[in-house]
Amino acid sequence: MKRRIGILTSGGDCPGLNATIRGVAKACFESFGEENVQIVGIQNGYYGLINNIAREMDASEFSGILTQGGTILGTKRQPFKMMTVIGEDNVDKVKNMKQTYKKLKLDCLLTLGGNGTHKTSKLLADEGLNIIGLPKTIDNDIYGTDVTFGFHTAVDIATDAIDRLHTTAASHSRILFCEIMGNKAGWLTVNAGIAGGADVILIPEIPYDITKVAESLTKRAESGKGFSIVAVAEGAFDVEEAKMKKKERAKKRSEAGILTATSRIAAQIQAATGIESRVCVPGHMLRGGSPSAYDRILATKFGVHAAELIKNEDYGKTVAMVNSVVTANKLEDIAGLTKFVDPEGQIVQTAKKLGVSFGD
Ligand code: F6P
């Protein structure tokens, strides 16, 4: 009897998904013998599981994808909060997913994704399916793991963007604001900010006071520095907004016609300091292209560990890196939790000790 292993990638894509898929497949072929394994690729994440869009994959499909960005399986956002809600289409999504798993005769299902994906993974594990999660996201905000694959590649890309902004900022004596992805957590911004030598770093975990941001930039200009770089997480908000609920904050911003957090900050800073300001939003560039060497190695280690879990029939878990060792957490211990940047932690304090302002 062949082992039938389902794989899906869910949520926003990131570099390293294919490297992980390859790692799992090759380690399974090695461990069980290629003839004893059938990998079943589920298309477009949980959408494919709900709608039974899946296919048996040939071993050759896992070659040549180590360096390839995106995901060969396709992906889709399928919000967790709607999973148990039966909508106008009358589809019972949980029932369908269980049926597809059964129809495909899967021994287990690997779910590669971020926080939302892990919540649904836990739901499916609670429903009796054999689930193994793998932590992907450029946001690095999955609880219980030091790092997620995709994150370091995005740090490299964001750092390169900041590096490039330096020369144009210096030439024009401007303040250049770089908006970096991360709605809830500022890991990407704080890391790229430090690596790129940003002068101000604004993240959701530390609500900023715009007056303090302006003061630090004015002080820098008065000390003879001809330009400044500000790294802003897309989810950054100020001290007044910190008192509001997320929905209220979003409503207020949309009423005020604010397109992005950074465009408003740049306008406020230009008005307060008199220094010409510009905004750069690398956006989805941060998720595109080939994974870095670090992420290829991490994805491979994670994939190989997932194959070990399959071998041991150790389900209901998600692969993780804890204190630099690859291991696995129980889904029930991590699903629904977010790993935030600690304002008192080493990474923020390192930047602060260099004189970087967080606007607090
Ligand atoms: O989850 C990763 C992420 O890139 C976030 O940093 C960002 O807020 C979001 O996805 C963007 O989502 P989408 O690709 O659906 O616009």
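Anything mentioned here points back to the structure above.
Residues numbered from 1 in each chain as written. Predicted model: local features only at pLDDT ≥ 70, side-chain atom pairs only at ≥ 80, totals over all residues. Heavy atoms only, no water.

Student: Explain the environment of Leu112 here, please?
Tutor: Structurally, the position occupied by Leu112 is in strand E4 (residues 108-113). Sequence separation of Leu112 and Leu309 is 197 residues, and the distance between their C-alpha atoms is 15 Å. If we ignore the near neighbours within four places in the chain, the residues touching Leu112 are Ile7, Leu8, Thr9, Ser10, Leu17, Thr20, Ile21, Thr117, Leu134, Lys136 and Phe149. (Helix = DSSP H or I, 4+ residues; strand = E, 2+ residues; numbered from the N terminus. Contact = heavy atoms within 4.5 Å.)

Student: In this structure, what is going on with helix H7 (residues 210-222)? I would like to understand it.
Tutor: Since the α-helix advances by 3.6 residues per turn, residues separated by three or four positions end up pointing in the same direction. With 13 residues, H7 extends 18 Å from end C-alpha to end C-alpha; this agrees with the ideal 18 Å at 1.5 Å per step. The complete set of buried residues in H7 reads Val213, Ala214, Leu217 and Arg220. Projected down its long axis, H7 carries its buried residues within an arc of 125°, all on one side. In H7, the exposed positions angled more than 90 degrees off the buried face are occupied by Glu215, Lys219 and Glu222. Close packing links the buried residues of H7 with strand E6 (175-180), strand E7 (200-202), strand E8 (228-233) and helix H9 (261-273). Count one or two residues on from H7 and you reach Gly224, which has phi positive near 100°. (Expected span 1.5 Å × (residues − 1). Buried < 20%, exposed > 50% of the residue type's maximum accessible area, 1.4 Å probe, protein only. Arc of directions from axis to C-beta.)

Student: Can you walk me through the layout of surface pockets in this structure?
Tutor: If a probe as big as a water molecule is rolled over the atoms, it shows which places are left empty. Volume-wise, the largest pocket comes out at about 900 Å³. As for the largest pocket, its lining consists of 29 residues, of which Arg77, Asn115, Gly116, Asp139 and Lys184 are closest to the centre. Per element, the largest residue contribution to the lining of the largest pocket is four residues, and it comes from helix H4 (residues 115-126). Residues of the lining of the largest pocket, tallied by class, amount to six nonpolar, 11 polar and 12 charged. Each of two domains, domain 1 (3-149 + 291-334) and domain 2 (153-287), supplies a minimum of three residues to the lining of the largest pocket. Considering the residues around the second largest pocket, the lining is formed by 19 residues, among which Asn183, Gly235, Phe237, Lys246 and Arg249 are closest to the centre. Among the elements that make up the lining of the second largest pocket, the one with the highest residue count is helix H8 (residues 246-255) (five residues). Residue classes in the lining of the second largest pocket are distributed as eight nonpolar, three polar and eight charged. (1 Å grid on protein atoms, 1.4 Å probe; cavity = no way out; pocket = protein on both sides within 12 Å on 5 of 7 lines; lining within 4 Å. Points joined across faces, edges and corners; volume = space filled by probe spheres on them. Nonpolar A, V, L, I, M, F, W, Y, C, P; charged D, E, K, R; others polar. Domains from an automatic or database assignment.)

Student: What's the story with a positive patch on the surface in this structure? I'm lost.
Tutor: Together, Lys81, Lys119, Lys184, Lys246 and Lys247 line one region of the surface with positive charge. Of note, Lys81 is situated in the loop between strand E3 (54-56) and helix H3 (93-103). Using a relative accessible area of 68% as the deciding quantity, one classes Lys81 as exposed. (Patch = residues over 30% accessible without salt bridge, like charges linked within 9 Å, V, L, I, M, F, W, Y side chains within 5 Å. Areas by Shrake-Rupley, 256 points an atom, 1.4 Å probe, with all protein chains shown as cover. Salt bridge = Lys/Arg side-chain N within 4 Å of Asp/Glu carboxyl O. Lys, Arg positive; Asp, Glu negative; His and termini not counted. Charge placed at Lys NZ, Arg CZ, Asp CG, Glu CD.)

Student: Can you walk me through helix H10 (residues 293-311) in this structure?
Tutor: With 19 residues, H10 extends 27 Å between its outermost C-alpha atoms, agreeing within 8% with the 27 Å of an ideal straight helix rising 1.5 Å per residue. Taken residue by residue, H10 has Asp295, Leu298, Ala299, Phe302, Gly303, Ala306, Ala307, Leu309 and Ile310 as its buried positions. Just beyond H10, the residue with positive phi is Glu313, at close to 50°.

Student: Is there a simple way to explain the side chain of Arg4 in this structure?
Tutor: Within the secondary structure layout, Arg4 lies in strand E1 (residues 3-9). Look at Arg4 and you get buried, because its relative accessible area is 18%. Only 2.7 Å separates the side chain of Arg4 from the backbone oxygen of Leu104, close enough to count as a polar contact. In this structure Arg4 touches Gln38, Val40, Glu56, Leu104, Lys105, Leu106, Asp107 and Cys108, once residues within four positions along its chain are discounted. (Polar contact = N/O pair within 3.5 Å; in protein donor to acceptor, adjacent residues only side chain to side chain.)

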